[in-house]
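# Secondary and tertiary structure notes
Read off the chains here:
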Amino acid sequence: MELEVRHLRVLCAIADTGSLHRAARELGLAQPSLSTQLRRIERALGAQLFVRTRTGCRPTPLGLAVLSRARPLVAEFAAIVTETRAAAARAAGGFRLRIGATASRAIPGWLRLLRTRGPGLEPTLQMNVSANALLGMVAAGRLDMAFVHEVEGSPLRIPPGLCLRVLVEREPQFVTLAADHPAASQPEVSLADLADDRWMVDSTVDGEWDGLCRILRAAGLNPEMLHGDYLTAYSLAATGEVVTVSQPTAHPRPDVAIRPLKGDPIGVRLLLAARTETELDEAFPALEEAYWTVAHEAPAYRERLKRAHGGDAASLAGAF
């Protein structure tokens, strides 16, 4: 077996995630397939590269040496592929911009603005709940850029060589609860107001579960926590079964109330990542405009911004 760039990418993914399961998810592979690839790579090199434990995988000393050589090769190959494809697409009169993103109401407007401002540009979108997976895909050349959020207290794994642009340094997260919940009559809700409620959180979102648990513990609360995607969470919140964290730009609905949390205890950082500053320069202004447009359209967020900064949301880009 001869080692190829894809094999080096496998080694980097396992080292970065510390887990065969998480690495397989980032690479879009089944875990048994990834395990088989790793065994073949180790047989080809004649040595064990990772120590498998119940809690994950860690590189052996030889594995660390191989990784130190593999990382720059993977990054350089990804750059060659991306730059060549972009040049060929532009020469043919069009360019397909491959965008990855975690959930955000700003995305439709961003895509629309990119098409309007770049004739011949056709953005494509790949959604993923894992910001770390998207960043890995950008580093590997499978995406051109990714718009992601980083939960406070749970830093993302930023692959070497990526360029970052901060859209919002700290976006406060709100809470969604039933419209007839006793706390919904208040303009702001404290965590203590929700002490008797069950929470539903999407634990597949990087950092989300741990981040909320830390905040609740700090407030002296230990509520029942349920796993569930946010579409289900909003539906259950409408019936009073649960409360859930929501982005401040969430679209209002008559059956739920979206309220700021007193003191803004939960925050995320919004980032755009690409391999070059030029790519960021071309895409970031449209993203910024799209984000502050939806911020202005969200009543609770708009009022929160006005109270905090004495202005409207449209003029507050970068305020946090």
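Presented here is a report on the structure given in the accompanying data block. Everything numeric in this text was worked out from a predicted model, so none of it was measured. (Residues numbered from 1 in each chain as written. Predicted model: local features only at pLDDT ≥ 70, side-chain atom pairs only at ≥ 80, totals over all residues. Heavy atoms only, no water.)

Before going further, it helps to spend a moment on the overall build of the chain. Regarding its fold elements, the chain presents ten helices and twelve strands. For the chain, the spread of C-alpha atoms along the principal axes amounts to about 65 × 50 × 30 Å. Relative to its full complement of 320 residues, the chain shows a buried share of 50%. Summarising the internal contacts of the chain: among those between residues at least 6 apart in sequence, 70% fall at separations of at least 24. In the chain, 36 positive and 36 negative side-chain charges are present, and the distance between their average locations comes to 6 Å. (Helix = DSSP H or I, 4+ residues; strand = E, 2+ residues; numbered from the N terminus. Buried < 20%, exposed > 50% of the residue type's maximum accessible area, 1.4 Å probe, protein only. Contact = heavy atoms within 4.5 Å. Lys, Arg positive; Asp, Glu negative; His and termini not counted. Charge placed at Lys NZ, Arg CZ, Asp CG, Glu CD.)

Pairing is antiparallel across the open sheet formed by three strands, whose spatial order is 10-7-11. A strand with exactly one partner marks an edge of an open sheet, and here the two such strands are strand 10 (244-246) and strand 11 (256-259). In this sheet, adjacent strand axes meet at a mean angle of 35° when their direction is disregarded. Bridge count between strand 7 (residues 174-178) and strand 10: three bridges; the pairing is antiparallel. Pairing of Thr-176 across the sheet is with Thr-244, part of strand 10. The strands touched by helix 8 (residues 230-238) are strand 7, strand 10 and strand 11; relative to strand 10, the strand with the most contacts, the crossing angle is about 115°. (Pairing = 2+ DSSP bridges. Axes fitted to C-alpha atoms, helices over the stretch in contact; angles between N-to-C directions.)

It is at 8 Å that the axes of helix 5 (residues 107-117) and helix 9 (residues 277-297) come closest, and there the two elements cross at 135°. Taken together, the axis directions place helix 5 and helix 9 in an arrangement best described as oblique. The hand of the helix 5/helix 9 crossing is right-handed. Every residue of helix 9 that contacts helix 5 at Gly-109, Trp-110, Leu-113, Leu-114 and Arg-117 is listed here: Glu-282, Ala-283, Pro-285, Ala-286, Leu-287, Glu-289 and Ala-290. Considered class by class, the residues forming the contact of helix 5 with helix 9 number eight nonpolar, one polar and three charged. (Parallel < 35°, antiparallel > 145°, perpendicular 65-115°, else oblique. Left-handed = near helix turned anticlockwise from the far one by under 90°. Nonpolar A, V, L, I, M, F, W, Y, C, P; charged D, E, K, R; others polar.)

Within this structure, the stated rule accounts for one cavity of 30 Å³ or more. As a volume, the largest cavity reaches approximately 60 Å³. Lining the largest cavity are Val-151, Gln-173, Glu-208, Gly-211, Leu-212, Val-245, Ile-266 and Val-268. In terms of residue count, the dominant contributor to the lining of the largest cavity is helix 7 (residues 208-218) (three residues). Considered class by class, the residues forming the lining of the largest cavity number five nonpolar, two polar and one charged. (1 Å grid on protein atoms, 1.4 Å probe; cavity = no way out; pocket = protein on both sides within 12 Å on 5 of 7 lines; lining within 4 Å. Points joined across faces, edges and corners; volume = space filled by probe spheres on them.)

What follows covers the packing of aromatic side chains. Geometrically, a pair of aromatic rings is defined through the distance of the ring centres and the angle of the planes. Using the criterion set out here, one finds four aromatic pairs in the structure. Between the aromatic rings of Trp-110 and Phe-147, the centroid separation amounts to 6.1 Å while the plane-to-plane angle is 80°, which identifies the pairing as edge-to-face. With Trp-110 in helix 5 and Phe-147 in strand 5 (residues 145-151), this pair connects stretches of sequence that are 37 residues apart. Like Trp-110, the residue Phe-147 is buried in the burial classification. Centre to centre, the rings of Phe-174 and Tyr-301 are 6.0 Å apart; their planes meet at 90°, and the pair counts as edge-to-face. Of the two residues, Phe-174 sits in strand 7 while Tyr-301 sits in helix 10 (residues 299-309), which places them 127 residues apart along the sequence. (Phe/Tyr/Trp six-rings, centres within 6.5 Å; stacked < 30°, edge-to-face > 60°.)

This part is about the state of the cysteines. Going through the model one piece at a time under the given rule, you end up with zero disulfides. No disulfide involves Cys-163; its sulfur sits 18 Å from the nearest other cysteine sulfur, which is in Cys-12. Owing to a relative accessible area of 15%, Cys-163 belongs among the buried residues under this scheme. (Disulfide = S-S within 2.5 Å.)

With that settled, consider helix 8. Structurally, the α-helix is built with 3.6 residues per turn, so residues lying three or four positions apart point the same way. Listed in full, the buried residues belonging to helix 8 are Tyr-230, Ala-233 and Ala-237. Projected down its long axis, helix 8 shows its buried positions confined to an angular sector of 50°, all on one face. For helix 8, the secondary structure elements touched by its buried residues are strand 7, strand 8 (199-201), helix 7, strand 10 and strand 11. Looking at where helix 8 begins, the residue whose side-chain oxygen comes 3.1 Å from the main-chain nitrogen of Leu-231 is Asp-229. (Arc of directions from axis to C-beta. Polar contact = N/O pair within 3.5 Å; in protein donor to acceptor, adjacent residues only side chain to side chain.)

By secondary structure assignment, the location of Glu-171 is in strand 6 (residues 163-172). For the buried Glu-171, which has no salt bridge, the nearest side chain bearing the opposite charge is Arg-170, at an N-O separation of 9.8 Å. Polar side-chain contacts of Glu-171 include one of 2.8 Å to the side chain of Gln-173. Contact partners of Glu-171, with chain neighbours within four places excluded, come to Pro-248, Ile-266, Gly-267, Val-268, Leu-270, Tyr-291 and Tyr-301. (Salt bridge = Lys/Arg side-chain N within 4 Å of Asp/Glu carboxyl O.)

Among the nonpolar cores identified, the biggest contains 36 residues, and Trp-110, Leu-114, Met-145, Phe-147, Leu-167, Leu-272 and Tyr-291 are the most heavily contacted of them. If you list the elements that add at least two residues to this core, you get strand 3 (95-101), helix 5, strand 5, strand 6, strand 12 (267-274), helix 9 and helix 10. Counting residues per element, this core draws most heavily on helix 9, at ten residues. With 26 residues, the next largest nonpolar core counts Val-189, Val-201, Ala-233 and Ile-266 among its residues. (Core = buried A, V, L, I, M, F, W, Y, C linked by side-chain atoms within 4.5 Å.)

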